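# Survey of secondary and tertiary structure
Chain by chain, the residues:
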Amino acid sequence: VQLQASGGGLVQAGGSLRLSCAASGGTLRNYFVGWFRQAPGKERAFVAALRWSGGHTYYADSVKGRFTISRENAEKTVYLQMNSLKPEDTAVYYCAAQSGLMQSSVSRRDLYHTWGQGTLVTVSS
């Protein structure tokens, strides 16, 4: 499966954006799908993940209550709804997919082997 992330842009603080991660060459049915972000000069960090089977979701503390990860029924797209955006959310956002993860490991970027290209989110103050 290949992934393509989209939906980034420039938004004012307090605003919202919805990112999409679209799969091609297969479905996401048996995968964990994660969103990670990388701010300038920082390491790529976990944001949220979804286990397709059962729809379980996981979030970094920094985005809990503001971001929502969700899926669509055709098993090909995962969304990241981002509300109440802050300047510190500015980053390049990447989606990634991996099967067979343990729930305790969903935040580990080194375990994801399939990555989409990034989409830039810029939040102005």
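A few points on the structure. (Residues numbered from 1 in each chain as written. Predicted model: local features only at pLDDT ≥ 70, side-chain atom pairs only at ≥ 80, totals over all residues. Heavy atoms only, no water.)

Let us now look at the packing of aromatic side chains. Enumeration over the complete set of coordinates arrives at 6 aromatic pairs. Between Phe 36 and Tyr 112 the ring centres are 5.1 Å apart and the planes differ by 75°, which places this aromatic pair in the edge-to-face class. Note that Phe 36 is positioned in strand 4 (residues 32-38) and Tyr 112 in the loop between strand 9 (91-98) and strand 10 (114-115), a separation of 76 residues in sequence. Overall, Tyr 112 belongs to the buried group, its relative accessible area being 3%. Seen in terms of ring centroids, Tyr 94 and Trp 115 are 6.4 Å apart; in terms of plane orientation they differ by 80°. Their pairing is edge-to-face. In this pair, Tyr 94 sits in strand 9 while Trp 115 sits in strand 10, placing the two residues 21 residues apart along the sequence. For Tyr 94, a relative accessible area of 15% corresponds to the buried category. With relative accessibility at 27%, the residue Trp 115 sits in the partly exposed group. (Phe/Tyr/Trp six-rings, centres within 6.5 Å; stacked < 30°, edge-to-face > 60°. Helix = DSSP H or I, 4+ residues; strand = E, 2+ residues; numbered from the N terminus. Buried < 20%, exposed > 50% of the residue type's maximum accessible area, 1.4 Å probe, protein only.)

On to the environment of Tyr 79. With respect to the helices and strands, the residue Tyr 79 is situated in strand 8 (residues 77-82). Residue class for Tyr 79 comes out buried when judged on its relative accessible area of 18%. Separated by 44 residues in the primary sequence, Tyr 79 and Trp 35 have C-alpha atoms spaced 9.3 Å apart. If we skip the residues at most four places from it in the chain, Tyr 79 touches Arg 18, Leu 19, Ser 20, Trp 35, Thr 68, Ile 69, Ser 70 and Glu 72. (Contact = heavy atoms within 4.5 Å.)

Turning our eyes to something else, we now look at the pairing of strand 6 (residues 56-59). Relative to strand 6, strand 5 (residues 45-51) runs antiparallel, the two being bridged by 4 bridges. Pairing of Arg 51 across the sheet is with His 56, part of strand 6. Hairpin remark: strand 5 followed by strand 6, antiparallel, with 4 residues in the connecting loop; positive phi at Gly 54, about 95°. (Pairing = 2+ DSSP bridges.)

Moving on: the nonpolar core. Trp 35, Leu 80, Met 82 and Tyr 93 are the most contacted members of the largest nonpolar core, which has 38 residues in total. Mapped by element, the contributors of at least two residues to this core are strand 1 (2-6), strand 3 (17-24), strand 4, strand 5, strand 7 (67-71), strand 8, strand 9 and strand 11 (119-124). (Core = buried A, V, L, I, M, F, W, Y, C linked by side-chain atoms within 4.5 Å.)

Gaps left between atoms show up when a probe the size of a water molecule is rolled over them. Roughly 160 Å³ of internal volume is contained in the largest pocket. Lining the largest pocket, in full, are Arg 37, Gln 38, Ala 39, Lys 42, Glu 43, Ala 45, Phe 46, Ser 62, Glu 88, Thr 90 and Ala 91. At the level of elements, strand 4 and strand 5 are the ones that each hand at least two residues to the lining of the largest pocket. Among the residues making up the lining of the largest pocket, the classes are represented as 4 nonpolar, 3 polar and 4 charged. (1 Å grid on protein atoms, 1.4 Å probe; cavity = no way out; pocket = protein on both sides within 12 Å on 5 of 7 lines; lining within 4 Å. Points joined across faces, edges and corners; volume = space filled by probe spheres on them. Nonpolar A, V, L, I, M, F, W, Y, C, P; charged D, E, K, R; others polar.)

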